[in-house]
Amino acid sequence: MVSYKKLGLVNTKKMFAKAVKGGYAIPAFNFNTMEQMQAIVQAAVETKSPVIMQVSKGARKYANPTILRYMAEGAVQYAKELGCKKPQIVLHLDHGDSYETCKSCIDSGFSSVMIDGSSLPFKDNIKLTKKVVAYAHKHDVTVEAELGVLAGVEDEVAAEESHYTKPEEVIEFATKTGCDSLAISIGTSHGAYKFKPEQCTRDKKTGKLVPPPLAFDVLKAVEKKLPGFPIVLHGSSSVPQEHVDTINKFGGKLPDAVGIPEEQLRKAAKSAVCKINIDSDSRLAMTAAIRRHFAENPGHFDPRQYLTPAREAMKQLYIHKIVKVLGSNNKI
Ligand SMILES: [Zn+2]
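Residues numbered from 1 in each chain as written. Predicted model: local features only at pLDDT ≥ 70, side-chain atom pairs only at ≥ 80, totals over all residues. Heavy atoms only, no water.

S.K.: Whenever I open this one, the overall build of the chain confuses me. Can you help?
M.R.: A tally of regular secondary structure across the chain gives 13 helices and 13 strands. Along the first, second and third principal axes, the C-alpha atoms of the chain reach 60 × 50 × 35 Å. Taking all 332 residues of the chain together, 58% fall into the buried category. Carbon together with sulfur atoms contributes 55% to the accessible area of the chain, which is approximately 14900 Å² in total. (Helix = DSSP H or I, 4+ residues; strand = E, 2+ residues; numbered from the N terminus. Buried < 20%, exposed > 50% of the residue type's maximum accessible area, 1.4 Å probe, protein only. Areas by Shrake-Rupley, 256 points an atom, 1.4 Å probe, with all protein chains shown as cover.)

S.K.: For this particular structure, what's the right way to read the sheet that holds strand 3 (residues 89–96)?
M.R.: Each strand in a sheet pairs with another by means of backbone hydrogen bonds, the pair being arranged parallel or else antiparallel. Pairing within the closed barrel is parallel, and its eight strands lie in the order 1-2-3-4-5-8-12-13. Across the sheet, the axes of successive neighbouring strands diverge by a mean angle of 25°, strand direction being ignored. Across three bridges, the pairing between strand 1 (residues 26–30) and strand 2 (residues 51–55) is parallel. For Asn30, the partnering residue across the bridge sits in strand 2 and is Gln54. (Pairing = 2+ DSSP bridges. Axes fitted to C-alpha atoms, helices over the stretch in contact; angles between N-to-C directions.)

S.K.: Any chance you could explain the coordination of the zinc ion here in plain terms?
M.R.: Ideal geometry at a metal gives 109.5 degrees between four tetrahedral donors and either 90 or 180 degrees between six octahedral ones. Surrounding the zinc ion are the protein donor atoms His95 (NE2), His190 (NE2) and His234 (ND1), which sit 2.1 to 2.2 Å from the metal. According to the relative accessible area criterion, His95 is buried, its value standing at 7%. Given the relative accessible area of 3%, His190 is considered buried. (Donors = N, O, S within 2.8 Å, 3.2 Å for Na, K, Ca; no water.)

S.K.: What is the right way to read the state of the cysteines from this model?
M.R.: Applying the stated criterion to the full structure yields zero disulfides. Note on Cys102: no disulfide assigned, nearest cysteine sulfur contributed by Cys105 at a separation of 6.9 Å. Cys179 takes part in no disulfide bond, and the closest cysteine sulfur to it belongs to Cys274, at a distance of 12 Å. (Disulfide = S-S within 2.5 Å.)

S.K.: What is the right way to read the pairing of strand 1 from this model?
M.R.: Moving residue by residue along a regular strand, the side chains alternate between the two faces of the sheet. Counting buried residues along strand 1, five of its five residues qualify, which places the element largely inside the surrounding structure. What you see with strand 1 is no split at all: Ile26, Ala28 and Asn30 on one side and Pro27 and Phe29 on the other are buried throughout. Where strand 1 meets strand 13 (residues 273–278), four bridges bridge the pair, whose relative direction is parallel. Following the sheet pairing, Phe29 is matched in strand 13 by Ile278. You can see the chain leave strand 1, run along helix 3 (residues 34–47) and come back into strand 2, and the turn it takes is right-handed. (Right-handed = clockwise from strand over helix to strand, strands pointing away.)

S.K.: What exactly am I supposed to notice about the pairing of strand 8 (residues 181–184) here?
M.R.: Neither face of strand 8 is open: one carries Ser181 and Ala183, the other Leu182 and Ile184, and all of them are buried. Bridge count for strand 5 (residues 142–147) against strand 8 is four bridges, and the pairing is parallel. Among the inter-strand pairings, Glu144 is bridged to a residue of strand 8, identified as Ser181. Bridge analysis of strand 8 against strand 12 (residues 231–233) gives two bridges, and the strand direction is parallel. Looking at the pairing, Ala183 lines up with Val232 of strand 12.

S.K.: Please clarify how unusual backbone geometry should be interpreted in this entry.
M.R.: Backbone geometry places Asp140, a non-glycine residue, at a positive phi of 60°. By secondary structure assignment, the location of Asp140 is in the loop between helix 7 (122–138) and strand 5. A positive phi angle is found at Asp256, which is not glycine, with a value near 60°. Among the secondary structure elements, Asp256 is positioned in the loop between helix 10 (241–249) and helix 11 (262–269). According to the relative accessible area criterion, Asp256 is partly exposed, its value standing at 33%.

S.K.: What's the story with helix 11 in this structure? I'm lost.
M.R.: Taken residue by residue, helix 11 has Glu262, Gln264, Leu265, Ala268 and Ala269 as its buried positions. All buried residues of helix 11 project into a common sector of 155° when viewed along the axis, lining one side. On its buried side, helix 11 packs onto helix 9 (216–225), strand 12, strand 13 and helix 13 (303–326). (Arc of directions from axis to C-beta. Contact = heavy atoms within 4.5 Å.)

Spelled out as structure tokens, the structure:
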């Protein structure tokens, strides 16, 4: 058993309380590789932002859980080396699918876990979440739960249709489970193809898809039921068209990829939404930089040659999100 406190990590408790009060949201960036980790830490240190580094089931499979845990420990030391005296870094399990996975993460040094029982019947979701909360709280680890179903594909989490969170269920759920934050479904979606073209309208000038607006009425109703309770938005990449265009220009094929407009996320960040998950955008930034690099430098084969601009592109994306979308800069 390794406590996250020994690794210099923090849980989400104080961070979320401050964010709810301050009208901003904490960035939750997924990481799988060293370059992503470095870019996240550099961006967080430069902007003086707290940050949640999250690990999905797919990341655990790709990189190995032990390596990811040591990378997070390394992230804290790296942040200090870059000049941040007291890094506010959370190591979070994204979409934990069982009590056992959550327990193993807590035992290996995670400071926060998500238990995703959103596909279960309401009562079973409560039962599972409650069990995870009981173990996590014993170790001062915070727990994110989910009510409502998001559409889209993210690693192994996939659903055909979204079901908005029912505001009438949130009080019972939060009280009975004791969870520390709640992911809700208000129309965000996983992946780079968040909406089918028939769900969108088309901008007459650019021909680009315009996605349907988020269900702010559902968010408001949830806030009313649970005043000040930390709310989480998954599937909140914006799918920047500049990166999609670069990918398509240099041999890629991502027709009609579309995300959540940043102004809607800005609006959400000002409410009780205090954690916004962004994964696809960093994948797009990385891929666009690599495709451009290979197109312009066909003779290059040293990974450092193409991963350097890829890392820089991700860092710029993270800084943009922190400063222009979430407002979590200068909070350390
Ligand atoms: Zn998610």
